[in-house]
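# Breakdown of the fold
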Amino acid sequence: RSSRLVVAQQQRRLGVPSTVRLLSTAQVTDDDSSASSSSKYPRLMEPLDLGPDIGVLPNRAMMGSMHTGLEGHSMPSWMVSLMGDVKSHKKLDDMALYFQERAKGGVGLMVTGGIAPNMAGMTAPFSSQLTDHDEMVQHQVVTDAVHNVAVPIDGRTGEAVPARICLQILHTGRYAYHPMAVSASSTQSPISPFRAQALTASGIQSTIRDFVNTAVLAKQAGYDGVEIMGSEGYLLSQFLSPSTNHRTDEYGGEPLENRARLALEIIEQTRQAVGKDFIIIFRLSLLDLVQNGMLFEESVQLAQLVEAAGASIINTGIGWHEARVPTIATAVPRASFAFPTQKLKESGVVSIPLVATNRINHPKTAEALLTSESCDLISMARPFLADPYLMQKSREGRENEINTCIGCNQACLDHVFVGKVSSCLVNPAACHEAEIQPKLLPEDQRMTIGVVGAGPAGCSFAITARQMGHTVHLYDKDDKIGGQFNMAKRIPGKEEFYETLRYFGTQMNKHGVNLHLGTSLSADDMDNMTHVDKWIDATGVEPRDPQIPGQDHPNVLSYIDVLKHKKPVGEKVAIIGAGGIGFDVAEYVLHWDGTDHQADDVNVDNFYQAWGIDSKLQTRGGLTKPAAPAHEDGSKRQVYLLQRKKGKLGAGLGKTTGWIHRATLKQSGAVEMIHSAKYTKIDENGNLHIEENGETRVLEVDNIIFCAGQVEQTALRRAAPDSLASRIFAIGGAYKAGELDAKRAIDMGTRLALQIHRSDLEAGKHVTSTKPGVEEKMFSFMKKYM
């Protein structure tokens, strides 16, 4: 195999240093002069020597593991054929392209999504595993693609090393979504419908052999190492924690040495099997965030044992998946979970590199952690979904061009938990590199295109269309781009949205979008612009009229009045509508302090206190009593959040973030949630009359805020003559309303820009999406029958 891994292995055998001047390989940048020591982030760009057997990493960034749905599956072909028109990722070509793109962007070390070592460890039936030669061969396309990319070493002109990739070995234990689940003891997790069986003594030995077998196969496939998942509540966590390990044999009980025995034997036997020239990362939980979890002192002791067992790197794990504390969502302040890694580093008890992780999404944050000696490496997973070229842009001083991860989870984790292939709200090309790849069109296919509406849909279309070579004129009646993102950014916990607006603005300037702000267009205006070949209607949505008698009272406001126009809100508030906007408005009226904050302004200590995080690391699991609700600290705010539908409020919120929004409002102690409400009237005093469970109730409030959904803006299309209407293509909310779905809007705008030049493209039939995968079909089947 002519991969860079083979070259590097030959060099090691010959005693040649692993840091070499690579030729005839894909380069991260066309200009070698950019590899200079004048980088604004010298610590982030500093190489890391892992010793003579393994060699040098080109920088301190590691792309952490995250499941994307590209890792393949173990479903037999006959079963796939029964699924109908689906996309199968049995072959790993898309995974190879996905990781190669991040390697080209300058990531020196990457870790795959979790791959099971055996059937019991699978996340779900027929999910990805690496257990035999045939499965090993499938992975060679991934390692070849990565090793064919050279990553420059900053400050050493012309010097580069092959990008590296490790395979994560993940045994889900009691988190398995299938009846073959096993664990330390017979327990059931709150996130799986299946009770796990306790591993027998022979079952433990078999599991150790399976881990080692997967590691050996990974090396044969060309991987540079493995990451052994020992945190986040998966199998090894379940052995390590007294909350789930109730065994009385040598693999359980009070002594940590017993509970750690399985993990340590896996590391020791893996090291014996793969040799010294292979990276072993151990993902070690420094903060379980569950009751009766590990003590930090135990984690420190475990770190020493892990190093002695043969690990090359210790990666930090934060929180179990069942923990009721947010750890990666946008509501989590940047780098707020780096403190356990820093404390372990300061203890000086281990000499191998330590990795800080969770909500590190900007080079300046990474640089600060490395400069303060809080860690040796920085793990960023979703930030490389959002922008594969984050490292290259950082190295070249182009931070304003970074498409920053906003921590929304909407297209990554929310997809994974329903079996969909991941993507990224701000970068639809993530995990879809083969189908979303803007390319400059021949001149005779380029058009002049007008876009009305500079929200997320309009901006994404305009930028992509310019990359295709079209001339683009973008109009908006507002004085700034962003549309309803300008309201979302003001919600406490959504400060990262400023970053997307900054990115859109930078990209439009870079690519030459003709921006016309403060400009309203009518259908007549559009029809008279004969130089425009096609039009994009990205005018978005308008609030739905709930048609409540008395709604013209001056105390009644819309969410636009509150979030955009900053109209004052009284202490007692009724919010009509409990979807995403209703919850956002409730957060806003409860927690907005009169100042709009950006991500670096968020108070980390307040976050720890609100969620009961023991920042002193003195309690089991790292949990303490949450701070008193806001109303006990002097606030008199009272909020009623209402919906017409029966059932839990916020049921349609994000799968992995909805619980955070509900918990935040509940913790405030100031919000009453009311479902099955019938709105009778708003009286002359501005009070809301409702019927609840057949009884009349009057809510005496200062303001009523309507958040009762949206409808499409259709005015331009309705007023357009036939000759114009056939050239108008609606995207985003203008195409389909609903919740303010920026994920759909940006994806739709991007995909339409890739095909807008087609002469056969018909308005109304212009929306495309990716095929569902076999994993998604399997998940739907399981949800239906289990």
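Fair warning: this is a prediction, and the values are worked out from it, not measured in the lab. (Residues numbered from 1 in each chain as written. Predicted model: local features only at pLDDT ≥ 70, side-chain atom pairs only at ≥ 80, totals over all residues. Heavy atoms only, no water.)

### With respect to the overall build of the protein chain
The line we're drawing: What counts as a helix is a DSSP run of H or I of at least four residues, what counts as a strand is a run of E of at least two, and both are numbered from the N terminus. Atoms counted for the radius of gyration: C-alpha only. Globule rule: 2.2 Å times residue count to the power 0.38. Each residue's exposure class comes from its accessible area (1.4 Å probe, protein chains only) as a fraction of the maximum for that residue type: buried when under 20%, exposed when over 50%, partly exposed otherwise. Between two residues, a contact is recorded if the distance between any of their heavy atoms is within 4.5 Å. Note on areas: Shrake-Rupley, 1.4 Å probe, and residue coverage restricted to the protein chains presented here. Asp and Glu count as negative and Lys and Arg as positive, but His and the ends of the chain are not part of the count. To locate a charge, take atom NZ for lysine, CZ for arginine, CG for aspartate or CD for glutamate.
Scanning the protein chain from N- to C-terminus turns up 26 helices and 30 strands. Since a compact globule built from 786 residues should have a radius of gyration of about 28 Å, the 27 Å found for the protein chain is in line with a globular shape. Its C-alpha atoms put the protein chain at 80 × 65 × 55 Å along the principal axes. Per-residue burial over the protein chain gives 60% buried out of 786 residues. At a minimum sequence separation of 6, the contacts of the protein chain that also span at least 24 residues come to 74%. Surface summary for the protein chain: the accessible area is close to 30600 Å², and the carbon and sulfur share equals 49%. When the 80 basic and 89 acidic side-chain charges of the protein chain are each reduced to a single mean position, those positions are 2 Å apart.

### Some words on the state of the cysteines
Among covalent bonds in proteins, the disulfide is the one between the sulfur atoms of two cysteines. Counted only if it meets this: Criterion for a disulfide: a pair of cysteine sulfur atoms at a distance within 2.5 Å.
Counted under the stated rule, the structure contains 0 disulfides. Unpaired in terms of disulfides, C405 finds its nearest cysteine sulfur in C424, a separation of 6.3 Å.

### Description of the sheet that holds strand β21 (residues 556-558)
What counts is decided by this rule: Strands qualify as paired when DSSP identifies two bridges or more between them. Fitted lines through C-alpha atoms give the axes, limited to the stretch in contact for helices. The angle between two N-to-C directions lies from 0 to 180 degrees.
Read from one edge of the open sheet, 5 strands run β21-β28-β22-β23-β24, paired in parallel fashion. The open sheet has two edge strands with one neighbour each: β21 and β24 (671-674). On average, adjacent strands in this sheet sit at an angle of 20° to one another, irrespective of strand direction. Note: β21 against strand β28 (residues 703-706), 3 bridges, orientation parallel. Note that in β28 the partner of L557 across the bridge is I705.

### Quick look at the pattern of salt bridges
Short version of the rule: We count a salt bridge whenever a side-chain nitrogen from Lys or Arg sits within 4 Å of a carboxyl oxygen from Asp or Glu.
One pass over the full model with this rule turns up 38 salt bridges. The salt bridge involving R43 is made with E373; its shortest N-O contact spans 3.3 Å. Remark: E373 occurs in the loop between α11 (363-371) and β15 (377-379) and R43 occurs in the loop between β1 (26-27) and β2 (48-49); sequence separation between them is 330 residues. Judged by relative accessible area, E373 falls into the partly exposed class, the value being 39%. Linked through salt bridges whose partners overlap, the residues forming this network are R334, R359, K364, E496, E499, R502 and D600.

### Notes on the sheet that holds strand β19 (residues 534-537)
Whenever strands of a sheet pair, they do so through backbone hydrogen bonds, lying parallel or antiparallel. If you trace the 5 strands from one edge of the open sheet to the other, you get β18-β17-β16-β19-β30, paired in parallel fashion. One side of each edge strand has no neighbouring strand; the edge strands of this open sheet are β18 (514-517) and β30 (728-730). Here the average twist between neighbouring strands, direction ignored, is 20°. In the sheet, strand β16 (residues 448-452) pairs with β19 via 4 bridges, with the strands oriented parallel.

### Remarks on the pairing of strand β13 (residues 313-318)
Put simply, the rule reads: With strands facing away from the observer, any crossover in which the path from the first strand over the helix to the second runs clockwise is taken as right-handed.
Of all 6 residues in β13, 6 are buried; the element is thus mostly enclosed. Judged by which residues are buried, β13 turns out to be covered on both faces: I313, N315 and G317 on one side and I314, T316 and I318 on the other are all buried. As defined by bridge partners, strand β12 (residues 279-287) adjoins β13 across 6 bridges and the pair is classed as parallel. The residue bridging F282 from the neighbouring strand is I314, located in β13. Handedness of the crossover joining β12 and β13 through helix α9 (residues 296-309) is recorded here as right-handed. Of the strand pairs in this sheet, β13 and strand β14 (residues 354-356) are connected by 2 bridges, and their pairing is parallel. Bridging across to β14, I314 finds its partner in L354. At this point the chain moves from β13, through helix α10 (residues 339-347), to the parallel β14, and the crossover so formed is right-handed.

### Regarding the pairing of β24
If a strand is regular, its side chains alternate between the two faces of the sheet. Strand direction decides the pairing type here: strand β23 (residues 638-642) and β24, joined by 4 bridges, are parallel. Within the sheet, the bridge partner assigned to L642 lies in β24 and is I674. For the crossover from β23 across helix α22 (residues 658-668) to β24, the handedness is right-handed.

### Overview of the nonpolar core
Filter applied, for reference: Within this scheme, the nonpolar core is defined by two criteria: the residues are buried Ala, Val, Leu, Ile, Met, Phe, Trp, Tyr or Cys, and they are joined through side-chain atoms within 4.5 Å.
Grouped together as the largest cluster of nonpolar side chains are 156 residues, with contacts concentrated most on F461 and I613. Discounting chain neighbours no more than four positions away, the residues touching I613 are L287, L289, V325, F337, F339, F607, Y608, G622 and T624. Counting residues in hydrophobic clusters, the runner-up holds 27 residues, among them V541, A578, F583 and L649.

### Details of the packing of α9 against α10
Selection rule: Geometric relationships in this document are graded by angle, where less than 35 degrees denotes roughly parallel, more than 145 denotes roughly antiparallel, 65 to 115 denotes roughly perpendicular, and other angles denote oblique. The crossing is said to be left-handed when, going from far helix to near helix, the turn is anticlockwise and less than a right angle, and right-handed when the turn is clockwise. Asp, Glu, Lys and Arg are counted as charged, while Ala, Val, Leu, Ile, Met, Phe, Trp, Tyr, Cys and Pro are counted as nonpolar; the rest, among them Gly, fall into the polar class.
For the pair α9 and α10, interaxial distance at closest approach is 11 Å and the crossing angle is 55°. In terms of orientation, α9 lies oblique with respect to α10. The two elements α9 and α10 cross, and the hand of that crossing is right-handed. Here F296, V300 and A303 of α9 lie close against α10, whose contacting residues are P340, K343, L344 and S347. Taken together, the residues of the contact of α9 with α10 sort by class into 5 nonpolar, 1 polar and 1 charged.

### What about the packing of aromatic side chains?
Worth spelling out the cut-off: Aromatic rings from Phe, Tyr and Trp, with only the six-membered ring used for Trp, were paired whenever their centres fell within 6.5 Å, and each pair was classed as stacked if the ring planes differed by under 30 degrees, edge-to-face if by over 60, and tilted otherwise. When the NZ atom of lysine or the CZ atom of arginine is within 6 Å of a ring's centre and also within 35 degrees of its normal, the charge is said to sit over that ring.
Tallied over the full model, the rule gives 11 aromatic pairs. For the ring pair Y98 and F99, a centre distance of 4.9 Å and an interplane angle of 70° mean the geometry is edge-to-face. In this structure F99 comes out as buried when scored by relative accessible area, which is 4%. Both rings, one in F339 and one in Y608, keep their centres 5.3 Å apart while their planes meet at 65°; by these two values the pair is edge-to-face. In this pair, F339 sits in helix α10 while Y608 sits in helix α21 (residues 604-611), placing the two residues 269 residues apart along the sequence. Assigned by exposure class, F339 and Y608 land together as buried. Taken together, the ring pairs connect F337, F339, F607 and Y608 into an aromatic cluster. A cation over an aromatic ring shows up here: R324 above the ring of W659, its NZ or CZ 4.1 Å from the ring centre.

### Focus: unusual backbone geometry
Backbone geometry at A335 places phi at a positive 55°, although glycine is not the residue there. Along the chain, the position of A335 falls in the loop between β13 and α10. For A335, a relative accessible area of 17% translates into the label buried. If you check the backbone angles, K566 has positive phi at about 55° while not being a glycine. Relative to the elements of secondary structure, K566 occurs in the loop between α19 (559-563) and β22 (572-576).

### Quick look at the confidence of the model for the protein chain
Residues shown with low pLDDT carry predicted positions that ought not to be read at fine detail. Filter applied, for reference: Every residue gets a pLDDT, meaning the predictor's confidence in that residue, from 0 to 100.
Chain-level statistics for the protein chain give a pLDDT mean of 92 and a share of 94% at 70 or above. Predicted confidence is poor over residues 1-37, with pLDDT under 50, and the contacts of this stretch with residues over four places away or in other chains come to 87 contacts.

### Let's talk about the environment of Q467
If you trace the backbone, Q467 turns up in helix α15 (residues 456-467). Among all residues touching Q467, those that are not within four sequence positions of it are P438, K439, L440 and H511.

### Regarding the environment of N685
Within the element layout of this structure, N685 appears in the loop between β25 (677-682) and β26 (688-692). Through-space distance from the C-alpha of N685 to that of V562 is 20 Å; in sequence the pair is 123 residues apart. The residues touching N685, leaving out its near neighbours within four places in the chain, are H553 and N555.

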